[in-house]
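Chain and residue survey
Below are the chains, spelled out letter by letter.
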Amino acid sequence: MTETLIRGRLLSFRRAPEHAADSESYLYEGDGAVLVRDGLIAAIGNYADVREKAAVDATEIDHRPHLILPGLIDCHVHFPQMQVIASYAANLLEWLNTYTFPEECRFVESAHAQRIATHFFDEFLRNGTTTAVAYCSVHKASADAFFAESLKRGTLMIGGKVMMDRNAPQGLLDTPQLGYDETRAVIEDWHGKGRNHVAITPRFAITSTPEQMAMTQRLAEEFPDLHIQTHLSENHDEIRYTCELFPDAIDYTDIYARYGLLRKKALFGHAIHLSEREADAMADSGAVAVHCPTSNLFLGSGLFSLKAIQRREKPVTVAVATDIGGGSSYSMLKTMDEAYKIQQLLGERLNPLESFYHMTLGNAVALDLAGRIGTLDPGTDADLVILNAAATPAMRLRMETITSLSEELFLLQTLGDDRSVVETYVAGKASKPEAAA
Ligand code: GUN
Ligand code: ZN
């Protein structure tokens, strides 16, 4: 039995913080340790107590004075868009048609998909993200490459072969039948293999005919426990066009509802411009709105009402994500930095405890995976990130004046990025790639 004792300052949330000084919402241990046994967290707590529970020959790794948190979670990314980031476009639809669709056509080639998969996992683990919910391309080969790399790394990843059968280049189209058959094949090949989860993935209503939407409904009924992911209400032109394509629906959200896609574990990227009716429908169904702040700013899509949507009489569950490659950073720290600024523009406060809750337990709850990831609770998977709030000269200087955990977290979020990630553990194994990799 291999045991590892990882020493440092522990931070793990118990529930969503209710205010900026809500110290009951998290566990903090100034001289703490995590005992890892067979990829799981066996014990946590004060170093001396945990040391007593460890085998005498346990490997000990000392990360003091750094923070030990659960691995970060990113609830919406596009694996085939690593070479789309930083594309200069006026808006979502221009960006999709000019850069994104042509780039995704290249994923018909397994060799290309495999090369990008290697980079994708390197970049996420370098940024301390141990779980991501990813769109692959329409090609089954892209999903095969993604999940094979995940199996190799031992990560808990959620991914899906995109289904799309109209309004895109020929090289990116499947058919209702092919989309159904290949999604089933991806589920059979990969779901439950290692720590992989497959998500049913219609790209968005613009790129699926009513016939394909009906097939996604069939998949959703046949696999009621699987995640579903798609896009919703990101951009005003997109919303207008979508509603023209489905004239019988009351609004954009109603299109997905009509095809049985509005449910728990269904993740709707962006959801920026929802009406009250749509927000009610989301809340009633338990569906999740996935906030992608760097993308929303980069593409000029709009300001998501993160705080207001959670304060409603019927709150909508919110997850947070990078949305690579519409998003402009792989870092969940930078992502929450931009989320904070969006709330500032809306006259709202997003406190650092909330930000770190969202990146960890909040996203795990949204994914219905809180029993496995998102905390340091014993019995859960030992996915960890070690964060250094004094990683750069500028951070070190600012750290001199910092007197509380909240201030330290806020500094990490505001100036931190992959340089603040000292190490990333996947199922207890040190997995941060070298900077040059
Ligand atoms: N809507 C449909 N596809 C996409 C995509 O790839 N990125 C973003 N940001 N929005 C989308
Ligand atoms: Zn997206």
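Scroll up for the structure.
Residues numbered from 1 in each chain as written. Chains lettered and ligands numbered in written order. Predicted model: local features only at pLDDT ≥ 70, side-chain atom pairs only at ≥ 80, totals over all residues. Heavy atoms only, no water.

Next up on the list: the packing of helix 12 (residues 332–345) against helix 15 (residues 405–415). With their axes 7 Å apart at the nearest point, helix 12 and helix 15 run at an angle of 100° to one another. Considered as vectors, helix 12 and helix 15 are oriented roughly perpendicular to each other. Residues L333, K334, M336, D337 and Y340 of helix 12 lie in contact with helix 15, whose contacting residues are F410, L412, Q413, T414 and L415. In terms of residue class, the contact of helix 12 with helix 15 is made up of six nonpolar, two polar and two charged. (Axes fitted to C-alpha atoms, helices over the stretch in contact; angles between N-to-C directions. Helix = DSSP H or I, 4+ residues; strand = E, 2+ residues; numbered from the N terminus. Parallel < 35°, antiparallel > 145°, perpendicular 65-115°, else oblique. Contact = heavy atoms within 4.5 Å. Nonpolar A, V, L, I, M, F, W, Y, C, P; charged D, E, K, R; others polar.)

Our next topic: a nonpolar patch on the surface. Together, L297, L303, L345 and L346 give the surface a local cluster of nonpolar side chains, amounting to about 330 Å² of exposed area. When you line up the elements, L297 lands in helix 10 (residues 293–298). (Patch = residues over 30% accessible without salt bridge, like charges linked within 9 Å, V, L, I, M, F, W, Y side chains within 5 Å. Areas by Shrake-Rupley, 256 points an atom, 1.4 Å probe, with all protein chains shown as cover. Salt bridge = Lys/Arg side-chain N within 4 Å of Asp/Glu carboxyl O.)

The next thing to look at is the coordination of the zinc ion (ligand 2). Put simply, the ideal angle at a metal is 109.5 degrees for four donors in tetrahedral geometry and 90 or 180 degrees for six donors in octahedral geometry. Within the protein, H76 (NE2), H78 (NE2), H231 (NE2) and D323 (OD) serve as the donor atoms for the zinc ion (ligand 2), at 2.0 to 2.6 Å. One way to put it: the four donor atoms around the zinc ion (ligand 2) meet at angles of 88 to 167°, and that makes the site irregular. Donor residues for the zinc ion (ligand 2) sit on one chain with the sequence pattern H-x1-H-x152-H-x91-D. Residue H231 is found in strand 10 (residues 227–232), and its partner D323 is found in the loop between strand 13 (317–320) and helix 12; the two are separated by 92 residues along the sequence. Residue H231 is classed as buried on the basis of its relative accessible area of 7%. The class of D323 is buried, set by a relative accessible area of 3%. (Donors = N, O, S within 2.8 Å, 3.2 Å for Na, K, Ca; no water. Tetrahedral: all angles 85-135°; square planar, octahedral: opposite > 155°, others 65-115°. Buried < 20%, exposed > 50% of the residue type's maximum accessible area, 1.4 Å probe, protein only.)

Looking now at the site of ligand 1. Around ligand 1, the neighbouring residues are H78, Q81, L92, W95, L96, R203, F204, H231, E234, H270 and D323. For ligand 1, an oxygen atom lies 3.5 Å from a polar atom in the side chain of H78. For ligand 1, the accessible surface in isolation is 280 Å², of which the surrounding protein chains cover 100%. Across the shell around ligand 1, the residue classes break down as four nonpolar, four polar and three charged. (Near = heavy atom within 4 Å. Polar contact = N/O pair within 3.5 Å; in protein donor to acceptor, adjacent residues only side chain to side chain.)

On to unusual backbone geometry. In this chain, R64 is followed by P65 through a cis amide linkage whose omega measures 5°. For the peptide bond that leads from I324 to G325, omega is 0°, which places it in the cis range. Looking at the element boundaries, G325 is found in the loop between strand 13 and helix 12. Although it is not a glycine, D323 sits at a positive phi angle of roughly 55°. With a phi close to 60°, D368 is a non-glycine residue in the positive phi region. With respect to the helices and strands, D368 occurs in the loop between helix 13 (352–366) and strand 14 (384–387). You can call D368 partly exposed: its relative accessible area is 41%.

Moving on, we get to the nonpolar core. F79, F120, F146, Y256, M282 and F356 are the most contacted members of the largest nonpolar core, which totals 101 residues. Here the element with the most residues in this core is helix 3 (residues 110–126); it accounts for six residues. In contact with F79, not counting residues within four places along its chain, are F107, A113, I116, A117, F120, A134, Y135, C136, S142 and F146. (Core = buried A, V, L, I, M, F, W, Y, C linked by side-chain atoms within 4.5 Å.)

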